[in-house]
Amino acid sequence: MLADHQEYEVVVTAVAPAGAAVHTDGHDGFIDQAKHPSWWSDTPHPVVGDRMRAVVLDSSRTPARFSALPGDIRIARSLRHTEPLSRLCPPPDGGRTVKWAAVEAELGIALPADYKRLVQRYGGGVFAGVLWLLEPGCPNPMYDMLAQTAEREEILAELWEAGEDKPSELHEGNTRLVPWGYAEGGGHYLYWLVRPGVEPEEWTVILNEGRGPLWETYPMSCSQFLLEVVAATTTSFYFTDLDDIVAPGDRTRFEPNARLLSG
């Protein structure tokens, strides 16, 4: 069964002036000509037998409508887990408006689309009673993503210089960590593992325990990690027993910074 926002490897089975018929996993689909990169660039037009990554725009149509545009794929990745997270854990009214170009210029990297959508929808704050979503521009530097990026880089560099083991994922040159989450009480930090040449939507989530040298790595987006924590499906050692410390109603509740940090 095809699902909206999901990516598939598709094969072109026929080409017409309106677009290209495709097939994947036993299902037929169609890519309108304007949803293929050749409409917008010098990319070659599709031909029968071409294989490409494409995302489902509308699975209710017959055949299902796909897009092979990189921009649509990025948007779909941002929706894939933020939408079910919003249904399970409703965001507050308002959210945040952020000047992302300035934030990304300060960091020197582009940020994942799903993180931007989370901040725009929720703002910074706490999921499931313990997991803070860091945001750029928070008045409290403890929960400000930019301030914590600089602070954590300094702290980790000192720890590694003192002899603490660096995770193997960081042995590759020019790989860095950028924090996006913080676990209240345990002091665990959640980072993106930023590798050269890897798109932001493909970054890995990596967790460093707050009171020790252990690390956990998860090949998923921050929104998927949050969704699994809220839905109680996470395999993270540090979040599997939340029901022992979090009130039942808090598991699917979000508390925004504006409320928690006021006064």
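Just so it is clear, the structure is predicted and the values come from calculations on it, not from any experiment.

Calculation notes
- Along each chain, residue indices are assigned from 1 in the same order as the chain's sequence is written.
- This being a predicted model, a pLDDT of at least 70 is required before a residue's local features are given, and a value of 80 or more before pairs of side-chain atoms are given or counted; all residues contribute to the totals for chains, interfaces and linings.
- The basis for the side-chain values is all heavy atoms of the structure; hydrogens and waters are excluded.
- For every residue, the accessible area obtained with a 1.4 Å probe (protein chains only) is divided by the maximum for its type, and the residue is called buried under 20%, exposed over 50%, and partly exposed between those limits.
- A run of H or I in DSSP counts as a helix once it spans at least four residues, and a run of E counts as a strand once it spans at least two, with each numbered from the N terminus.
- Only strands that DSSP links by at least two bridges are regarded as paired with each other.
- Lining residues are defined by having an atom within 4 Å of a point belonging to a cavity or pocket. Those points lie on a 1 Å grid over the protein atoms alone, cavities being sets where a 1.4 Å probe fits but cannot get out and pockets being open sets with protein on both sides within 12 Å along at least five of seven lines.
- Grid points are joined across faces, edges and corners, and a volume is the space filled by probe spheres set on the points.
- Note that Gly is not counted as nonpolar here; it falls among the polar residues with everything else outside the nonpolar set of Ala, Val, Leu, Ile, Met, Phe, Trp, Tyr, Cys and Pro and the charged set of Asp, Glu, Lys and Arg.
- Residues belong to a common nonpolar core when they are buried Ala, Val, Leu, Ile, Met, Phe, Trp, Tyr or Cys residues joined through side-chain atoms within 4.5 Å.
- Should any heavy atoms of two residues lie within 4.5 Å, those residues are considered in contact.

Digging into the pairing of strand 10 (residues 204-208)
(1) Moving on: The element strand 10 is largely enclosed, with a buried count of five among its five residues.
(2) Moving on: Side chains Thr204, Ile206 and Asn208 project from strand 10 onto one buried face, and the interleaved Val205 and Leu207 project onto a second face that is buried too.
(3) Moving on: In the sheet, strand 9 (residues 189-194) pairs with strand 10 via five bridges, with the strands oriented antiparallel. Each bridged residue has a counterpart across the sheet, and for Tyr189 the counterpart in strand 10 is Asn208.
(4) Moving on: Pairing of strand 10 with strand 11 (residues 215-218) involves four bridges; the strand directions are antiparallel. Bridge pairing in strand 11 places Asn208 opposite Trp215.
(5) Moving on: Taken together, strand 10 and the strand that follows it, strand 11, pair antiparallel across an intervening segment of six residues.

Description of empty space enclosed by the protein
(1) Moving on: On inspection of all chains with the given rule, the structure shows one cavity of 30 Å³ or more.
(2) Moving on: Quantified by volume, the largest cavity comes out at close to 30 Å³.
(3) Moving on: Lining the largest cavity, in full, are Pro112, Asp114, Trp192, Pro200, Glu201, Trp203, Met220, Ser221 and Cys222.
(4) Moving on: For the lining of the largest cavity, the per-class residue count stands at six nonpolar, one polar and two charged.

Notes on the nonpolar core
(1) Moving on: Judged by nonpolar contacts, the single largest core of 55 residues is most densely connected at Tyr115, Trp180, Phe225 and Phe239.
(2) Moving on: For Phe225, the contacting residues outside a window of four places in its chain are Leu131, Trp180, Leu190, Val205, Leu207, Tyr218, Met220, Ser236 and Phe239.

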